[in-house]
Amino acid sequence: MRKDILRAIPSIDELVRGPDLKEACRTFSRSLVTEAATVVIESVRTDMLSGRREALSEGELSAMVIDRLNVLTRPAMRRVINATGTILHTNIGRAVLANEAAEAVALAARSYVNLEINISTGERGERDSLVEGLLMRFTGAPAACVVNNNAAAVLLCLNTLGEGKEVIVSRGELIEIGGSFRLPEVIKKSGCVMREVGTTNRTHASDYTSAITQNTGALFKAHTSNYTVVGFTAEVGLKELVDIGRKHNLPVVEDLGSGSLVDLTRYGLPAEPVVSDSIKAGAGLVTFSGDKLLGGPQAGIIVGEKALVDMVRKNPLKRALRIDKLTLAALEATLRLYLNQDTLCQTLPTLRMLARPLDEIEALAKEVARLLRARLGEGFSVTVEDAASVAGGGSLPGHGLLTKAVAITHIQKGADELSRIFLANDPPILGRINKDRFLLDMRTVEKAEDVVISLSPL
Ligand SMILES: *Cc1c(COP(=O)(O)O)cnc(C)c1O
């Protein structure tokens, strides 16, 4: 019995040399096909011996091997359709790059570039200099440099100015943002001692001044990017903090989080702190992300006084946190788009989605609803409704942007199950669940086909 079962299964060698897998060997290499065939035959043998499976033909076994090869060689990083409405969604890669930035990345990837060489003199250059001029122009700062991300920028600035010293920060600004960035922990890792002042809802100038000692290295201010404190509140504004710093000869470091290079109200959006305002107010160093409102690649940007930025540049940590050439290429190309702010709404995907007209979103929602009704089977109901999208990435906290969502419900399946069905699509479609209902927010969806075409009939 046992012998019969085992005899019914071809050997690995027979299977690999058979007609079906010959072709596969050309595509995937013989050793990879052999590896996949070994795994398939072993699992089939186990299943047959335990009675869980009937004998399979060679054709069926080959098909299983090819399936396995396809899974094995499929990229782990795949395109995901963002129907969450969250424009800067950290889990799916935050800002989508502009075409210009994507092309710059491709160029830098495929060729040598003048990353650290001054082409006019042939001498060694600084990689930061490729973007410093643009950053100075758009922020009004006398100097700028870039690192891996904003968390790195904060760490580096604090380490440079305050290692072994105290950094004073308001209790109202001890933020935690997603992905394990907790300010108290970053301050600690920067080698500074955190000196908290004030209370959760109210901090006054006198709280800062009475905490300043011989051992103070810097005053720190963080933009409370993912929450707002409302009600009986008081905070010391940046300008006032700078005045306190000047009296005591202490620099002010501000973590702006998202930090916009342009005034968003110009595009009909809620106000978000503008980096140039912080420079005007006299901050010594300002840090912000490249892949939040700026709409570029993951990067941490540091702008501020020349003497302070020079100190940051000389810090050995800067080398460990440096930005790579692909990111720099994307960042430069993104910044170049800001040279024409009249067209920014078309050229920069992040801004385009933020400022997307409601009638355009609604037209898309209706089209998607129509196509989905035709595609989804019995028991489903599809409606278009008002909803609110968020910017994400700690940008524009507390501001929902009016949007249109396609709500999908089913007489038996719950929102979780519907969400899993859409995620299993190729490419996966990520919606959001609101009050146990599954929604596809159209603000972040480019075209109807993206959420419908490949969806198999349900
Ligand atoms: C997002 C954010 C950070 C972290 O920035 P990353 O670029 O994700 O490292 C730090 N501080 C604030 C206030 C933020 O909003």
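It should be noted that the structure appears before, not after, this text.
Residues numbered from 1 in each chain as written. Predicted model: local features only at pLDDT ≥ 70, side-chain atom pairs only at ≥ 80, totals over all residues. Heavy atoms only, no water.

A closer look at the site of the ligand
Keep this limit in mind: Being near a molecule or strand, for a residue, comes down to having at least one heavy atom within 4 Å of it. Under the rule applied, a polar contact is a pair of N or O atoms within 3.5 Å (in protein, one hydrogen donor and one hydrogen acceptor; residues adjacent in sequence only if both atoms are side-chain atoms). Where accessible areas are quoted, they stem from the Shrake-Rupley method and a 1.4 Å probe; at the residue level, only the protein chains shown are allowed to cover. With a 1 Å grid laid over protein atoms only, a set of points is called a cavity when a 1.4 Å probe fits there but cannot get out and a pocket when it is open yet has protein on both sides within 12 Å along at least five of seven lines; lining residues have an atom within 4 Å of a point. Whether a molecule sits in a cavity or pocket is decided by its atoms, more than half of which must lie within 2 Å of the grid points. In this text, helices come from DSSP runs of H or I with a minimum length of four residues, and strands from runs of E with a minimum of two, each type numbered from the N-terminal end. When residues are grouped by polarity, Ala, Val, Leu, Ile, Met, Phe, Trp, Tyr, Cys and Pro land in nonpolar, Asp, Glu, Lys and Arg in charged, and all others, Gly among them, in polar.
Taken together, 13 residues surround the ligand, and among them Ala-151, Ser-225, Asp-255, Ser-289 and Lys-292 come closest. Within the side chain of Arg-94, a nitrogen or oxygen atom sits 2.9 Å from an oxygen atom of the ligand. Separating an oxygen atom of the ligand from a backbone N or O atom of Asn-150 is a distance of 3.0 Å. Compared with its free state, where it exposes 380 Å², the ligand has 94% of that area covered by protein. More than half of the atoms of the ligand fall within 2 Å of the grid points belonging to the second largest pocket. Of all the secondary structure elements, the ones that give two or more residues to the shell around the ligand are α8 (150-162) and β8 (252-257). Classifying every residue of the shell around the ligand gives four nonpolar, six polar and three charged.

Section: the layout of surface pockets
Using the following cut-off: Grid points are joined across faces, edges and corners, and a volume is the space filled by probe spheres set on the points.
As a volume, the largest pocket reaches approximately 1,200 Å³. As for the largest pocket, its lining consists of 36 residues, of which Val-80, Ala-95, Val-96, Leu-97 and Met-353 are closest to the centre. Going through the elements one at a time, β1 (81-82), α6 (99-110), α16 (344-347) and α17 (349-354) are the ones with two or more residues in the lining of the largest pocket. Broken down by class, the residue content of the lining of the largest pocket amounts to 16 nonpolar, eight polar and 12 charged. In this structure, the second largest pocket occupies an estimated 430 Å³ of space. Contributing to the lining of the second largest pocket are 27 residues, with Arg-94, Asn-149, Ala-151, Ile-177 and Phe-181 lying nearest its centre. Listing elements by their share of the lining of the second largest pocket, those giving two or more residues are α8, α9 (183-189) and β8. Here the residues of the lining of the second largest pocket sort into nine nonpolar, 12 polar and six charged.

Brief notes about the pattern of salt bridges
Rule in force here: Counted as salt bridges are all cases of a side-chain nitrogen of Lys or Arg within 4 Å of a carboxyl oxygen of Asp or Glu. Only protein chains enter the accessibility calculation, which uses a 1.4 Å probe. A residue is then buried if its area is under 20% of the maximum for its type, exposed if over 50%, and partly exposed in between.
All chains considered together, the criterion is met by 35 salt bridges. A salt bridge links Lys-413 to Glu-417, with the shortest nitrogen-to-oxygen separation between them at 3.9 Å. Using a relative accessible area of 26% as the deciding quantity, one classes Lys-413 as partly exposed. A residue is classified by how much of its surface remains accessible, and Glu-417, at 33% relative accessible area, is partly exposed.

Focus: empty space enclosed by the protein
Applying the stated rule across the entire model yields one cavity of 30 Å³ or more. In this model, the largest cavity occupies a volume close to 30 Å³. Across the lining of the largest cavity, the residue classes break down as seven nonpolar, one polar and no charged.

Some thoughts on the packing of helix α7 (residues 129-139) against helix α15 (residues 325-337)
Let me state the cut-off plainly: Axis lines are fitted to C-alpha atoms, over the contacting stretch for helices. Their N-to-C directions set the angle, which ranges from 0 to 180 degrees. Crossing handedness: left-handed means the near helix sits turned counterclockwise from the far one by under a right angle, and right-handed means the same turn made clockwise. Here, two residues are considered to be in contact whenever any of their heavy atoms come within 4.5 Å of each other.
α15 packs onto α7 with a crossing angle of 35° between their chain directions and a minimal axis gap of 10 Å. Crossing handedness for the pair α7 and α15: left-handed. Each of Leu-130, Val-131, Leu-134, Leu-135 and Phe-138 in α7 lies in contact with α15, whose residues at this interface are Leu-328, Leu-331, Glu-332, Leu-335 and Arg-336. Tallied by class, the residues present in the contact of α7 with α15 amount to eight nonpolar, no polar and two charged.

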